[in-house]
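Here is what each chain is made of, one letter per residue.
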Amino acid sequence: MNFHYAEKKVSLPANVHAYAEKKVTKLQRYFRDEADALVTFSVEKNRNKVELTLHAANTYFRASESTSDMFASIDACVSTIEGQIRKNKTRLARRIRQDAFVREPEAISSFVPDEPEETEFKIVRTKRFNIKPMTREEAILQMNLLEHTFFAFRDEEADGAFAVVYRRNDGGYGLIEDAE
């Protein structure tokens, strides 16, 4: 497992990183391939916050926990992600397809245009990621795992056309698809 650490407004001793590495490494057993873990430590209002993002087999898992103890926050994050993995890996294998956690992306795309349309708009952050073909149910599942309100993907049901699923205010889900 590959580890990356970030510390926001806090400087931690090496034993905290070692503890996080020991706990997060236990999650490796759920994946066939190598996984990447980003662990972000911060202190906000006298609370020790840990954000853990795990990327394995083209799926992202994210947890954020805040407690009075940094070690307890690490344990809580690992526990949360382990629950997500157990719950959703079983669902993917049973309802969608057996190889849901091992599929490779077919194309690399970016949502950022090459040139800005107007000079008034300022792009302050750019994210690049692989957009893999998946079913609509998989896209909703991935959006929920990331705790985002929308998720872009290539829709297998529409021959790989670009689509976006989003969470509606009424609790349901919406789909934006290419009209062509």
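Refer to the structure printed above.
Just so it is clear, the model here is predicted, and its values are computed rather than measured.

Draft legend 1. Layout of the pattern of salt bridges. Under the criterion given, the structure shown has six salt bridges. Where E51 meets K49, a salt bridge forms, and the shortest distance between an N and an O atom there is 3.4 Å. Residue classification places E51 among the partly exposed residues on the basis of a relative accessible area of 28%. What makes K49 buried here is its relative accessible area of 19%. Here D170 makes a salt bridge to R168, at a shortest N to O gap of 3.5 Å. Judged by its relative accessible area of 39%, R168 falls in the partly exposed class. Residues joined by salt bridges that share partners form a network here, namely R136, D155, E157 and E177.

Draft legend 2. Here's a closer look at the side chain of D155. On the secondary structure map, D155 appears in strand β8 (residues 150-155). Engagement of the side chain of D155 in a polar contact is seen with the side chain of R136, the distance being 2.8 Å. Residues within four places of D155 in sequence aside, it is in contact with M134, R136, G160, A161, A163 and E177.

Draft legend 3. Main features of helix α3 (residues 136-146). Within α3, the full set of buried residues consists of E138, A139, L141, Q142, M143, L145 and L146. The positive-phi residue at the C-terminal boundary of α3 is E147, with phi of around 60°.

Draft legend 4. Seen up close, unusual backbone geometry. Within the chain, K45 stands out as a residue other than glycine whose phi angle is a positive 55°. In this structure, K45 sits in the loop between β2 (36-44) and β3 (47-56). We classify K45 as exposed; its relative accessible area is 79%.

Draft legend 5. Structural view of the packing of aromatic side chains. Counting across every chain of the model gives three aromatic pairs. Between Y5 and F41, the ring centres sit 6.3 Å apart and the planes meet at 15°, which makes this aromatic pair stacked. With Y5 in strand β1 (residues 2-8) and F41 in strand β2, this pair connects stretches of sequence that are 36 residues apart. Judged by its relative accessible area of 0%, F41 is buried. Of the aromatic side chains, those joined through ring pairs into one cluster are F3, Y5 and F41.

Draft legend 6. View of the layout of surface pockets. When its volume is computed, the largest pocket comes out at roughly 1,100 Å³. Of all the secondary structure elements, the ones that give two or more residues to the lining of the largest pocket are β1, β2, β3, β4 (59-67), β6 (128-130), α3 and β8. Looking at side-chain class alone, the lining of the largest pocket contains 16 nonpolar, 10 polar and eight charged residues.

Here is what the cut-offs are and how they apply
- Residues numbered from 1 in each chain as written.
- Predicted model: local features only at pLDDT ≥ 70, side-chain atom pairs only at ≥ 80, totals over all residues.
- Heavy atoms only, no water.
- Salt bridge = Lys/Arg side-chain N within 4 Å of Asp/Glu carboxyl O.
- Buried < 20%, exposed > 50% of the residue type's maximum accessible area, 1.4 Å probe, protein only.
- Helix = DSSP H or I, 4+ residues; strand = E, 2+ residues; numbered from the N terminus.
- Polar contact = N/O pair within 3.5 Å; in protein donor to acceptor, adjacent residues only side chain to side chain.
- Contact = heavy atoms within 4.5 Å.
- Phe/Tyr/Trp six-rings, centres within 6.5 Å; stacked < 30°, edge-to-face > 60°.
- 1 Å grid on protein atoms, 1.4 Å probe; cavity = no way out; pocket = protein on both sides within 12 Å on 5 of 7 lines; lining within 4 Å.
- Points joined across faces, edges and corners; volume = space filled by probe spheres on them.
- Nonpolar A, V, L, I, M, F, W, Y, C, P; charged D, E, K, R; others polar.

Such coordinate-based values are descriptive only and should not be taken to indicate function.
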